[in-house]
Amino acid sequence: MAVGTAPGKVILLGEHAVVYGRPAIAVPVIQVQARVEVEDQPVGRGITIVATDLGQQFEPSHADVADSAAVALASTVRNTLERLGQHREPDLRITISSTVPIGRGLGSGAAVATALVRALAAHLGGYLTARDVSDLVYRTEILHHGTPSGIDNSVISFGKPLYFIRGQLDEVFWLGRPLCLVIGDTGVPSSTREVVADVRRRWEADRATYEAHFTAIGSLVEAARQAMVEGDLPALGRLMDANQRELRAVGVSSAELERLIGAALDAGALGAKLSGSGRGGNMVALAEEGTRHAVEAALAAAGARGIITTQVS
Ligand code: PMV
């Protein structure tokens, strides 16, 4: 039997602008994990996928076309076997579980796909680089999100803080000091596909204004990378706040996000902003060991539905 695991992720700065060619920074969230086990099953059985959290068991060749999660898993298996040069369907039982919350901007789809690719490669004795894994998972991300920038598959496959420019650069970098991030969930569902499409409509109606916001965000991301490398956490916090002001102007914040962001800042966070597509989903606050409990308590009091604190190094 082989096991593959993968972490979740948060976008720290640069969401939305990244779709328009500006840089973004994302970090892995190791407190949540996807885990996939692959084991042989009797000859002739073919492949069985058991998705324990979804309460599903199916054969990828018979995945229900109306079930997007099943289609994505089936296609990840098919693409990976093809990439590993397996032209005959092996007899495998694939068991998938994940603690990455679904549909919350924490990269659940990319985490499951990454763990699946890793487990298949390990079980079948194939060698894949982190970039190979990322490329395979990107193909799954297209099924989940339509036109994803590719930041999720990259940061999750590399498992390190990532500076990313769509189609050009995915560069891991080292932090001068570890980050303590407190992630708060508004509990409001948000569709990345719909929010990205809405931002595109706004951009088409007024390109000059939106390009200016995206360029401003790109500059904040550059400065944030420098602050992260130098370990200048107060500067990083201020840059996150400035990024949030731009995202507000782009029209992707919400009353619930603002309430959690305000609560985190009042409790002493160095900076706070929405993370991911916005209009719901998660916010992320930069805390310190001395303030993390106060920030967590403030988020809980302000109505956060789920709170994940992670240390990134
Ligand atoms: O909500 P998430 O984590 O899937 O993030 C979406 C980030 C966007 O920049 C809005 C879209 C993208 O594909 O990068």
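## Overview of the pairing of strand S3 (residues 47-51)
Of all five residues that make up S3, five are buried, and the element is covered over most of its length. By the alternation rule, side chains of S3 split into Ile47, Ile49 and Ala51 and Thr48 and Val50, which are all buried. Of the strand pairs in this sheet, S3 and strand S5 (residues 92-98) are connected by five bridges, and their pairing is parallel. Following the sheet pairing, Val50 is matched in S5 by Thr95.

## Structural notes on the pairing of strand S7 (residues 169-172)
Regular strands have side chains that alternate between both faces of the sheet. Note that strand S6 (residues 162-165) and S7 share four bridges and pair antiparallel. Paired with Ile165 across the two strands is Leu169, which belongs to S7. With antiparallel pairing between neighbouring strands as the criterion, S6 and S7 make up a hairpin whose turn holds three residues, including Gly167 at a positive phi of roughly 70°.

## Thoughts on the packing of aromatic side chains
On inspection of all chains with the given rule, the structure shows three aromatic pairs. For the ring pair Tyr20 and Trp203, a centre distance of 5.1 Å and an interplane angle of 50° mean the geometry is tilted. Residue Tyr20 is located in the loop between strand S1 (2-13) and strand S2 (24-40), and its partner Trp203 is located in helix H5 (residues 192-205); the two are separated by 183 residues in the primary sequence. Accessibility classification places Tyr20 together with Trp203 in one group, the buried group. Measuring from centroid to centroid gives 4.5 Å for Tyr20 and Phe214, while their planes differ by 15°, and the two rings are stacked.

Each value, and the rule that gives it
Residues numbered from 1 in each chain as written. Predicted model: local features only at pLDDT ≥ 70, side-chain atom pairs only at ≥ 80, totals over all residues. Heavy atoms only, no water. Buried < 20%, exposed > 50% of the residue type's maximum accessible area, 1.4 Å probe, protein only. Helix = DSSP H or I, 4+ residues; strand = E, 2+ residues; numbered from the N terminus. Pairing = 2+ DSSP bridges. Phe/Tyr/Trp six-rings, centres within 6.5 Å; stacked < 30°, edge-to-face > 60°.

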